[in-house]
Amino acid sequence: MDELSCTLRTILLPKSISCQPAGNKSFNKESIEGIPDLTVDMWSRHNTESRRVLLGECAFTQSDQNVTEKLRAYILDAPDILVICKILIKQGDRYCSPGTKPSVAKGLWSSHLLTRAEFCSVNAGDFAQTVVDGHTWLSLSSVEIHIWVCQPGDSDINLDRLNGDGHTVGTLFPTIDVDDVNGVFQRGLQLIKEAALREMKADVERLSMALEKAVLDTAYGQYSNWHSKLKNKSPYATQHAAQTSQARPSRRRRA
């Protein structure tokens, strides 16, 4: 999260615009109620209603299809999203619990609950495979990163587009290949910058309208104050009042 914050600061946004990354921030809308793994919200000094510009989900115990459907629902309720990230962590061998048989993981069966540090220290495997007391607790097959960015002319991100400039995929395991991911992500950051500049322009327009209204309100207030004083003190106003009084027909009471 800190690295993403540093990356966002490289965009050089106007001081009136703020971008805030967050992890596990609730998303409660009509189409979905969820907690995305990563979000970036943007707002301005003069428009405090935040706009979600980036959203990411990590799929490990969930299927790729389930996570993709969640992303579709997020996009449906937040069409302003400019960048979507999906990380797929795929297991090698399907996890199987030792169960209650003492013949499996004998040492762990008879020992106290290990702390995380103790568990890691006795790992006989490596990054791809965690093996403790002869039992495989996790094995990795691959880690993929998918990035989508909103394309010119599109109202929102199309997750069905898996080629062209709007989507790319890279890997973190078993090999590291993120060159294309970095390129598309940079385009996504450029979209966020352009959105910030549009927001700043809207802020300037709102400020200009507010200034124009304030000027007219002040001018009218001064005119109204002047006119009130003129009406009370002007000889013309006194003469006009007298003429009006003389011209008014008198009403005599009948006996």
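Overview of the structure. (Residues numbered from 1 in each chain as written. Predicted model: local features only at pLDDT ≥ 70, side-chain atom pairs only at ≥ 80, totals over all residues. Heavy atoms only, no water.)

## Focus: the nonpolar core
Grouped burial of nonpolar side chains is what soluble globular proteins tend to show. Of all hydrophobic cores here, the largest spans 38 residues; its most connected members are Val83, Ile84, Ile147 and Ile157. With seven residues, helix H5 (residues 179-233) is the largest single contributor of residues to this core. With near-sequence residues (within four places) excluded, Val83 lies in contact with Val53, Leu54, Leu55, Ile147, Trp148, Val149, Ile157, Phe185 and Gly188. (Core = buried A, V, L, I, M, F, W, Y, C linked by side-chain atoms within 4.5 Å. Buried < 20%, exposed > 50% of the residue type's maximum accessible area, 1.4 Å probe, protein only. Helix = DSSP H or I, 4+ residues; strand = E, 2+ residues; numbered from the N terminus. Contact = heavy atoms within 4.5 Å.)

## Comments concerning the side chain of Ser142
Inspection of the secondary structure puts Ser142 in strand S8 (residues 135-149). Residue class for Ser142 comes out buried when judged on its relative accessible area of 11%. Setting aside its immediate chain neighbours within four residues, Ser142 contacts Leu88, Ile89, Lys90, Phe173 and Pro174.

## Concerning the packing of aromatic side chains
Applying the stated criterion across every chain, the model contains two aromatic pairs. Consider the rings of Phe119 and Trp137, whose centres lie 6.2 Å apart with planes at 75°: the pair is edge-to-face. You can see Phe119 sitting in helix H4 (residues 116-121) and its partner Trp137 sitting in strand S8, a full 18 residues away along the chain. A relative accessible area of 25% means that Phe119 is categorised as partly exposed. Taken together, the ring pairs in this structure connect Tyr95, Phe119 and Trp137 into an aromatic cluster. (Phe/Tyr/Trp six-rings, centres within 6.5 Å; stacked < 30°, edge-to-face > 60°.)

## Regarding the environment of Ala196
For Ala196, the location among the structural elements is in helix H5. For Ala196, a relative accessible area of 0% corresponds to the buried category. Taking the C-alpha atoms as reference, Ala196 lies 7.9 Å from Met42; in sequence the two are 154 residues apart.

## A few points about a nonpolar patch on the surface
On the surface, Tyr220, Tyr223, Trp226 and Leu230 cluster together into a nonpolar patch covering about 470 Å² of accessible area. Along the chain, Tyr223 turns up in helix H5. (Patch = residues over 30% accessible without salt bridge, like charges linked within 9 Å, V, L, I, M, F, W, Y side chains within 5 Å. Areas by Shrake-Rupley, 256 points an atom, 1.4 Å probe, with all protein chains shown as cover. Salt bridge = Lys/Arg side-chain N within 4 Å of Asp/Glu carboxyl O.)

## Some thoughts on the side chain of Thr130
Position of Thr130 among the secondary structure elements: in strand S7 (residues 129-132). Those residues within four positions of Thr130 in sequence are excluded, and the remaining contacts are Phe119, Asn123, His135, Thr136, Trp137 and Leu138.

## Side note on the pairing of strand S6 (residues 83-91)
In terms of strand pairing, strand S5 (residues 47-59) meets S6 through six bridges, oriented parallel. In the strand pairing of S6, Leu54 is matched with Val83. In this sheet, S8 lies alongside S6 in antiparallel orientation, the contact comprising nine bridges. Each bridged residue has a counterpart across the sheet, and for Lys90 the counterpart in S8 is Ser142. (Pairing = 2+ DSSP bridges.)

## Here's the deal with unusual backbone geometry
Note the cis peptide between Phe173 and Pro174, where omega equals 5°. Tracing the backbone through its elements, the reader meets Pro174 in the loop between strand S9 (167-173) and H5. The residue Asn24 is not glycine, and still its phi comes out positive at about 55°. We note that Asp133 has phi near 60°; this positive angle belongs to a residue other than glycine. Within the secondary structure layout, Asp133 lies in the loop between S7 and S8.

## Section: helix H2 (residues 64-77)
Along its 14 residues, H2 runs 20 Å from first to last C-alpha, staying within 8% of the 20 Å computed at 1.5 Å per residue. Three or more residues of H2 are buried, namely Val67, Thr68, Leu71, Ala73, Tyr74 and Ile75. Tucked inside the fold, the buried residues of H2 contact strand S2 (27-28), strand S3 (33-34), S5 and S6. (Expected span 1.5 Å × (residues − 1).)

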